[in-house]
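In case you want the letters, here they are:
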Amino acid sequence: MYIRKLYTLVFLRNDTHILLGLKKRGFGVNKWNGFGGKVEADETILDAALRELKEECCVTVDRDNLKNIGHLEFTFTGEPTLMDVRVFSATVFEGTPTETDEMSPKWFPYTEIPFEDMWPDDVIWFPYMLKDKLFFGKFHYKGYDTILNYNVEELESM
Ligand SMILES: CSc1nc2ncnc(N)c2[nH]1
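Note that this is a predicted model, so its numbers are computed, not measured.

Bringing the overall build of the protein into the picture now. Counting its regular elements, the protein contains two helices and eight strands. For the protein, the N- to C-terminal ordering of α and β elements is β-β-β-α-β-β-β-α-β-β. Over its C-alpha atoms the protein spans a radius of gyration of 15 Å, differing by no more than 12% from the 15 Å that the globule rule assigns to 158 residues. Taken along its principal axes, the extent of the C-alpha atoms in the protein is 40 × 40 × 35 Å. Residues counted as buried form 46% of the 158 residues belonging to the protein.

Okay, here's the thing in structure tokens:
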């Protein structure tokens, strides 16, 4: 029986590049990641995704242009929390990605994604995102560096 906590994760993409942010503090510090964070009790998942994106890199997306593309669940040996991460992507957005206290944004060519400086699970599910497939992945970690087991499947719909 896990305590489920909701999180968002947003990726901005164009034909050749994906926007990642280098986390400057807190959970996942010094890892390149999408933009996101916790979903607060008083907001929808979509609103949280839009809020975190704006807070972390000053970019705004019209909610109609934010697509829910994946669902990830993370559990950790000996911990009661299940991180329920809703993944979104957008290709149309307003504003220029700007460094904040939280994140240092950078566009990466799809052939140069820095997986060695990202969460270990990313290299497993990114291919689904990059092929525009909907996905559901479950990862069980020991600590924050070792994946004990996982499963990722393509979904026909979210
Ligand atoms: C704690 S395990 C984890 N993997 C992740 N991959 C991408 N973005 C995250 N926020 C992630 N957390």
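Still more ground to cover, so stick around.
A word on the site of the ligand. Every residue near the ligand is listed here: L9, F27, N33, F74, F76, M83, W119, D121, D122, W125 and Y141. At 3.1 Å from a nitrogen atom of the ligand is found a side-chain nitrogen or oxygen belonging to N33. For the ligand, a nitrogen atom lies 2.7 Å from a polar atom in the side chain of D121. Here the ligand has 320 Å² of accessible area as a free molecule, and 94% of this is covered by the chains.

Ranked by internal contacts, the top residues of the largest apolar core, which has 24 residues, are F11, L20, V87, W125 and F126. Residue assignment for this core shows that the elements contributing at least two residues are β1 (3-13), β2 (17-23), β4 (67-76), β5 (81-90), α2 (122-130) and β7 (134-142). With four residues, β4 is the largest single contributor of residues to this core. Within the second largest apolar cluster, 14 residues are counted, among which are V10, F35, A49 and V59.

Moving on: the side chain of H140. Looking at the element boundaries, H140 is found in strand β7. On the accessibility criterion, H140 (17% relative accessible area) is buried. At a separation of 2.7 Å, a polar atom in the side chain of H140 contacts the side chain of T75. In contact with H140, not counting residues within four places along its chain, are Y2, T75, F76, T77, T146, I147, L148 and N149.

About the thresholds
Residues numbered from 1 in each chain as written. Predicted model: local features only at pLDDT ≥ 70, side-chain atom pairs only at ≥ 80, totals over all residues. Heavy atoms only, no water. Helix = DSSP H or I, 4+ residues; strand = E, 2+ residues; numbered from the N terminus. Rg over C-alpha atoms; globule rule 2.2 N^0.38 Å. Buried < 20%, exposed > 50% of the residue type's maximum accessible area, 1.4 Å probe, protein only. Near = heavy atom within 4 Å. Polar contact = N/O pair within 3.5 Å; in protein donor to acceptor, adjacent residues only side chain to side chain. Areas by Shrake-Rupley, 256 points an atom, 1.4 Å probe, with all protein chains shown as cover. Core = buried A, V, L, I, M, F, W, Y, C linked by side-chain atoms within 4.5 Å. Contact = heavy atoms within 4.5 Å.

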